[in-house]
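Structure at a glance
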Amino acid sequence: MIEFPLLPEGSTVVGVGIDQIEVSRIRGSIERHGQSFLDKVFTPEEKVYCGDKSDPAVHLAARFAAKEAAAKALGTGIGGKFGWLDFEVVKNEDGRPLARFSPHASKLLVEKSSGGAYLSLSHLQEVASAVVVLVGK
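The paragraphs below set out a description of the structure included in this document. Treat the numbers as computed from the prediction; the structure is a model and nothing was measured. (Residues numbered from 1 in each chain as written. Predicted model: local features only at pLDDT ≥ 70, side-chain atom pairs only at ≥ 80, totals over all residues. Heavy atoms only, no water.)

1. Focus: the nonpolar core
The line we're drawing: We call a set of buried Ala, Val, Leu, Ile, Met, Phe, Trp, Tyr and Cys residues a nonpolar core when their side-chain atoms join them within 4.5 Å. Burial classes: relative accessible area under 20% of the type maximum marks a residue as buried, over 50% as exposed, and values in between as partly exposed (1.4 Å probe, protein chains only). A helix here means a DSSP run of H or I that spans at least four residues, while a strand means a run of E at least two residues long, and both kinds are numbered starting from the N terminus. Pairs of residues are marked as contacts when any of their non-hydrogen atoms sit within 4.5 Å.
Ranked by internal contacts, the top residues of the largest apolar core, which has 34 residues, are Phe82, Phe87, Phe101 and Val132. Elements with a minimum of two residues in this core: helix H1 (23–41), helix H3 (56–74), strand S2 (87–91), helix H4 (103–111) and strand S5 (127–136). The dominant element in this core, judged by the number of residues it contributes, is H3, at 13 residues. Discounting chain neighbours no more than four positions away, the residues touching phenylalanine 87 are Thr43, Glu46, Ala66, Lys67, Ala70, Phe82, Ala99, Arg100, Phe101, Leu119 and Val132.

2. Notes on the sheet that holds strand S1 (residues 13–22)
Definition in use: Two strands form a pair only when DSSP identifies at least two bridges running between them. For every element, the axis is a line fit to its C-alpha atoms; helices are fit only across the contacting stretch, and the angle between N-to-C directions ranges from 0 to 180 degrees.
On the basis of which strands lie adjacent, the open sheet formed by 3 strands has the order S1-S5-S4 and antiparallel pairing. Looking at which strands have only one partner, the edges of the open sheet turn out to be S1 and strand S4 (114–123). Strand-to-strand twist across the sheet, computed as the mean angle between neighbouring axes with direction ignored, equals 10°. In this fold H1 packs onto S1 and S5, with an angle of close to 70° to the strand it touches most, S1.

3. Brief notes about the pairing of S5
Within a regular beta strand, the side chains point alternately toward one face of the sheet and then the other, so they alternate between its two faces. As paired elements, S1 and S5 share 9 bridges and run antiparallel to each other. Looking at the pairing, glutamine 20 lines up with serine 129 of S5. In the sheet, S4 pairs with S5 via 9 bridges, with the strands oriented antiparallel. Note on S5: the bridge partner recorded for histidine 123 is alanine 128. Counting the residues between successive antiparallel strands, the hairpin from S4 to S5 contains 3 residues.

Given below as structure tokens:
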């Protein structure tokens, strides 16, 4: 028998999103569009964090995937209701990635009866992935 994983008592999963992207796509967008692409998709904090890495594109790709995964978990996709800058990946003091939603996106969380999200990132040299799980209040 397969059992579902335990969640904090009283909580429920209200949305799940996953995304995967080839790092070469992000490298290509940076080469073609430069700073305008970076400013359109990534928050200042994300750009600083990734810019300090030896290969920023790998880390940017993971964050790109996280934004797509968050949009899927919310059921909106990227567009009119949820934009690139409505979600950012931040690190806690232990280095764990955390999901931060803009005030606008926080309203979407309320509409889904979500109190927040779990986030997992993974990347290899050429592929980056992210999973976002929205947890109910």
